[in-house]
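# Residue-level structural notes
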Amino acid sequence: MLVDAPGRRRRRRRWATPLILLLCVGAFLGLATVDAATREALIVRWGALSAEAGDWHALLQPDRAAGLVTTLGLHGNGTHLAGNMLFLLVFGLPAERALGPWRLLLLFVLGGAVSNFVAALSLDRPDRVIIGASGAVSTLIGAYLALFPNARLGVVLPLGLWLQFVRMPAVVLITLWVVMQLLFTFAGPSFGAVAWWAHLSGFAFGFLAALLLREGLARRSRLHG
């Protein structure tokens, strides 16, 4: 006879975050194997195109709406990819542990689509191409903060001639990150070349979504814990 033993939780397999990483790296390597003209055409075809100011209807047309999601797998260069994948692993793996892989995957896709939608409306002219998973990764940062408000993150700080590893409250580091995104929206490095509103809107979406889910997740954890 087989019975469920109360008090023993089965460990969830975290496959969603590694899958996202593999898809993004695979798409990047695939684009690297084609010539510049083909690469440009693929980016325009699968990227998210901006719209006229306030013309949100255009972004919801079938040929444009799909790009809000497919663009999540496209990255402009190795630095862009590496930065997003690092943040994906740091914040995605613990968020997936709390949410489960299917919720994490859905949150990543929905948050990415919403953030790209906001960014497409915020740009100064139509038909600019938005690429990258930054908005979706920012969604996971927001979800992480809502799920683990008391967590601490390790960071390396330059102290004099030495580099010192210290642990700081996640809320402090993430708040600084949000402030930087807000400042860069109006001035700073890559001004006009980076869709900073995608970062901010993705973060807000992920934070609010995780807040709505948090109580139910905690209740399930108590029931199965």
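Residues numbered from 1 in each chain as written. Predicted model: local features only at pLDDT ≥ 70, side-chain atom pairs only at ≥ 80, totals over all residues. Heavy atoms only, no water.

As for its placement among the helices and strands, arginine 64 is situated in helix α4 (residues 62–65). Setting aside chain neighbours within four positions, we find arginine 64 in contact with Leu49, Ser50, Ala51, Ala58 and Leu59. (Helix = DSSP H or I, 4+ residues; strand = E, 2+ residues; numbered from the N terminus. Contact = heavy atoms within 4.5 Å.)

According to the stated counting rule, one finds six aromatic pairs in the structure shown. Plain terms: the ring middles of tryptophan 177 and phenylalanine 203 are 6.0 Å apart, the flat faces sit at 55° to each other, and that makes the pair tilted. One end of the pair, tryptophan 177, is in helix α9 (residues 170–186); the other, phenylalanine 203, is in helix α10 (residues 196–224), with 26 residues separating them in the sequence. For the pair shown, tryptophan 177 and phenylalanine 203 are each scored as buried. In this structure an aromatic cluster arises from ring pairing among Phe87, Phe91, Tyr144 and Phe148. (Phe/Tyr/Trp six-rings, centres within 6.5 Å; stacked < 30°, edge-to-face > 60°. Buried < 20%, exposed > 50% of the residue type's maximum accessible area, 1.4 Å probe, protein only.)

Taken together, the side chains of Trp15, Leu19, Leu23 and Trp102 define a hydrophobic patch exposed on the protein surface, amounting to about 450 Å² of accessible area. Structurally, the position occupied by leucine 23 is in helix α1 (residues 16–32). Owing to a relative accessible area of 56%, leucine 23 belongs among the exposed residues under this scheme. (Patch = residues over 30% accessible without salt bridge, like charges linked within 9 Å, V, L, I, M, F, W, Y side chains within 5 Å. Areas by Shrake-Rupley, 256 points an atom, 1.4 Å probe, with all protein chains shown as cover. Salt bridge = Lys/Arg side-chain N within 4 Å of Asp/Glu carboxyl O.)

On to the nonpolar core, then. Proteins that are soluble and globular tend to have nonpolar side chains buried together. Grouped together as the largest cluster of nonpolar side chains are 23 residues, with contacts concentrated most on Leu88, Leu104 and Phe108. At the level of elements, α1, α6 (78–99), α7 (101–122), α8 (134–147) and α10 are the ones that each hand at least two residues to this core. The dominant element in this core, judged by the number of residues it contributes, is α8, at six residues. Setting aside residues no more than four positions away along its own chain, phenylalanine 108 makes contact with Ile20, Leu72, Leu88, Ala133, Ala136, Val137 and Leu140. By size, the runner-up hydrophobic cluster in this structure holds 12 residues, among which are Ala48, Leu68, Ala120 and Ala195. (Core = buried A, V, L, I, M, F, W, Y, C linked by side-chain atoms within 4.5 Å.)

Right, let's get into the confidence of the model for the protein chain. Within the protein chain, residue pLDDT values average 83, and 82% of them lie at 70 or more. Note on residues 1–8: pLDDT is under 50 here. Beyond four places in sequence and across chains, it has two contacts. (pLDDT = per-residue confidence, 0-100.)

Between two packed helices, both the angle of their axes relative to each other and the distance between the axes serve to describe the pair. Interhelical geometry of α1 versus α6 gives an angle of 170° and a closest axis separation of 9 Å. As judged from the angle between their axes, α1 and α6 are roughly antiparallel. Contacts between α1 and α6 involve Ala16, Thr17, Pro18, Ile20, Leu21, Cys24, Val25 and Phe28 from the first element and Gly78, Leu81, Met85, Leu88, Leu89, Gly92, Leu93 and Glu96 from the second. (Axes fitted to C-alpha atoms, helices over the stretch in contact; angles between N-to-C directions. Parallel < 35°, antiparallel > 145°, perpendicular 65-115°, else oblique.)

Running from N to C, α1 and α7 cross one another at 40°; their axes reach a closest spacing of 9 Å. Of the possible angle classes, the one that applies to α1 and α7 is oblique. Contact with α1, carried on its side by Ala16, Thr17 and Ile20, involves Pro101, Leu104, Leu105 and Phe108 of α7 and no other residues of that element. In the contact of α1 with α7, the residues fall into six nonpolar, one polar and no charged. (Nonpolar A, V, L, I, M, F, W, Y, C, P; charged D, E, K, R; others polar.)

With that out of the way, let us pick up α1. In this model α1 runs 24 Å from its N-terminal to its C-terminal C-alpha over 17 residues, within 8% of the 24 Å that 1.5 Å per residue would give. The complete set of buried residues in α1 reads Ala16, Thr17, Ile20, Cys24, Phe28 and Leu31. The buried side chains of α1 occupy one side of the element, clustering within an arc of 110° when seen end-on. Exposed residues lying more than 90 degrees from the buried face of α1 are Leu22 and Leu29. Buried residues along α1 sit in contact with α2 (36–46), α6 and α7. (Expected span 1.5 Å × (residues − 1). Arc of directions from axis to C-beta.)

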